[in-house]
Amino acid sequence: MKKTDIIMFIASTVLFLLTASCEKPAPEPDPEPLPQTPTIVLTSPADGTAVDLNEVTEVSFSWEKVDGINNYKIMFSLQESMSSPYTVPALTMPVTFTADEMDEIAEELGAAAEVETRIYWSIIPFSERTPAETQVRSMNVTRKSAKPSEKGVNDDTLVFKIAVYYEDMYVGDTGKRLHELCNWNNPHSQAQQLAKLMTECSHGVIQYEIAVEIEGTVPYASYYQDSGSHTAGEVVTADICYNEYYKNGKYPGIGEGVRYDYAKMVTDNGFDTMLNDGIIDEVWVYNHPGAGMYETCMAGPNAFWINGATFDVPSLERKLTVLFCNYERTVDLAMHSLAHKFENVMTKVYGRWDYSVSLVKNLNNWELFSAYSDKYDKYDSGCSHIGNCHFPCNGASDYDYENRRYVKSYCDAWDSYPDLKFENPRTINSSEWGSTQMGYMKWFYNHVPHFKGLNENDYHLNNWWLYFVDYDKAKAKERQLISEL
C-alpha cells in the first residue's frame, strides 16, 4: 500500500470515530409507574374504645372496603405487632360478635376473666396473595365474670304441689272408714310419709308439698260389663269392697271387669282448673285394691304411657299425672309405682331402653344407669350400675331386693354426674340397701342425677328429677341451655 493510501485510511478512521462519539444516545423509555398498595381503613370501633362484655350484648367491627378485595379476615392479638393472632373470617361488613362470642375470643387470646385487657385488631384480605396495607387499632376489653362451675352442684329446689283424693269411704252403718274396718294403713299418714321420702330421695331438689286434700264421697270405679251379681255401669262402693273383695281375699285387677273413670274424677274435683292455675302439679289417689286403677297414668297435651294408659281431659293445659296409692299396701309400693313412671319418662327422654346394642359405648346414659349385672355382663363382665324398679344391680329375677349375690357396681360414679368415670367398681350385694324393697327404692332414687346444668355430651339435663315431675318444663329448660352453649 502506498504511503498516501495509508495516511488517507488513518484519517478516515479517526474522522469516523470522532463523528460517532459526538452523536447523542437514544433516550430510554420512561418506566411504568409502580401500582400503589391500597390501605384497608378501619372505621369502627374507635381506637382505644372500652368494652365491658358484662354490659354490652354485641360488638361490631367495620372498615372501608377496597376495590378488588371482596373477602376479608379480622385478626385479634394481645400484641401491637399482631403476633400470635386469633383470626376469624369476616365475610360480611360489619362483622358482629355477641358478648359471649367476644368473650370466647378474649379467652382464646389468654385474657383473664373480669380483667380489662388491651386487645389489638385489624382487617386483612382473606387471600394472602392479595396485597394490602392494614391499620391496627386497640380496644380495652373486660371479659365476662367467671361462671361458677355447676358440676356436682345440686339443682335449685322446685316446689312440687300434690293434690290428694282419698277414696276411703265409710262402710254401711259401721261408722268406720274402709281402711279402719279392713285394718289397712291410714292413707293420710301414708301421703305425708311419701311426700317426705320423695323429697329426701331427690336430695331436696324436688320439694313435695301436699297442697290440696279432698275426702272423697264419690267412688269412680265401676263395672264395665256384667259380672256375677253386678251389672255394667254399677259403681264399686266401699261396701262391695269390704263385703265381697276383702272377705273373699280376691280383688279385680286391670281388665278384670272394673274400670276407673279418671277423667270424671279430675273434672268433678276441679283438679284440671287447679293444674291450669298452678295450684297443683300432680294428683295422688288413695284407694282400695279393687278400684281397677293403673299405677300411674297421664292426661293432658301430648300425654304418653307412664305404666298406665293415657286418658282425655280436654280442659287440661299441661300434662297431669295421677298416681294410684293402695292403702292396703305400704309406702314403698307407692315409691315402686313412681319408679315405673320414672323409667317410662327417662325412656322417652333418651328415646330408647335396649340392651341389644353390641358395644357399651352405644348405650345411652339412662341405659347405663338402669343396667343390672345380668344385662351389663356382656359389656363388662361381672359389673353393673344401679338397676331399675324390678331388678337391683345384682338382681336375678323380678323384685329381687334380698339377693345376697355379690356383683361389682359403678354406683358411686353417678354421684359426680355427668363426669362419669367407670373405674374401680365397688363389690356390693343387697346389704347395701338393707335387703328390703323400701331400702332399694331409697337407694335407687338417691342415685338419680340431681345436679345443675346440661350434659354437653348428650344435651340432656343433669337433673333427671325435673323430667320426672314436669317433662315439658324440663324439655324447655333443656332447649334453653342448649341455645346458650
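The structure we're discussing is the one just above.
Because the structure is a prediction, the values reported are computed rather than measured.

Thresholds, definitions, all that
Residues numbered from 1 in each chain as written. Predicted model: local features only at pLDDT ≥ 70, side-chain atom pairs only at ≥ 80, totals over all residues. Heavy atoms only, no water. Disulfide = S-S within 2.5 Å. Buried < 20%, exposed > 50% of the residue type's maximum accessible area, 1.4 Å probe, protein only. Pairing = 2+ DSSP bridges. Helix = DSSP H or I, 4+ residues; strand = E, 2+ residues; numbered from the N terminus. Axes fitted to C-alpha atoms, helices over the stretch in contact; angles between N-to-C directions. Contact = heavy atoms within 4.5 Å. 1 Å grid on protein atoms, 1.4 Å probe; cavity = no way out; pocket = protein on both sides within 12 Å on 5 of 7 lines; lining within 4 Å. Points joined across faces, edges and corners; volume = space filled by probe spheres on them. Nonpolar A, V, L, I, M, F, W, Y, C, P; charged D, E, K, R; others polar.

### Description of the state of the cysteines
Under the defined criterion, the tally for this structure stands at zero disulfides. No disulfide involves Cys 182; its sulfur sits 5.8 Å from that of Cys 241, the nearest cysteine. We classify Cys 182 as buried; its relative accessible area is 3%. Cysteine Cys 389 is unpaired, with the sulfur of Cys 201 as its nearest cysteine sulfur at 13 Å. The exposure class of Cys 389 is buried, given its relative accessible area of 0%.

### Observations regarding the sheet that holds strand 6 (residues 86–90)
A sheet is described by the order of its strands in space; here five strands give the open sequence 3-10-8-5-6, paired in mixed fashion. Looking at which strands have only one partner, the edges of the open sheet turn out to be strand 3 (49–52) and strand 6. Across the sheet, the mean angle from the axis of one strand to that of its neighbour is 30°, orientation sign disregarded. Pairing analysis gives six bridges linking strand 8 (residues 116–125) to strand 10 (residues 137–142), with the strands arranged antiparallel.

### Considerations on the sheet that holds strand 4 (residues 58–63)
Sheet strands pair by backbone hydrogen bonding; their relative direction is either parallel or antiparallel. In spatial order, the strands read 2-4-7; together these three strands make up an open sheet with antiparallel pairing. Two strands close off the open sheet at either side, each with one partner strand: strand 2 (42–44) and strand 7 (95–98). For this sheet, the mean angle separating the axes of adjacent strands, direction not counted, is 25°. Pairing of strand 2 with strand 4, which is carried by two bridges, proceeds in the antiparallel orientation. Bridged to Leu 42 within strand 4 is Trp 63.

### A short note on the environment of Glu 58
For Glu 58, the location among the structural elements is in strand 4. Take Glu 58: its relative accessible area is 48%, and that puts it in the partly exposed class. Taking the C-alpha atoms as reference, Glu 58 lies 66 Å from Gly 257; in sequence the two are 199 residues apart. Those residues in contact with Glu 58 that sit more than four places away from it in its chain are Thr 96, Phe 97, Thr 98 and Ala 99.

### Re empty space enclosed by the protein
Counted by the stated rule, this structure contains one cavity of 30 Å³ or more. What the largest cavity holds in volume is close to 150 Å³. Ranked by the residues each element gives to the lining of the largest cavity, the list is headed by helix 12 (residues 464–469), at three residues. Its residues placed into classes, the lining of the largest cavity shows nine nonpolar, one polar and seven charged.

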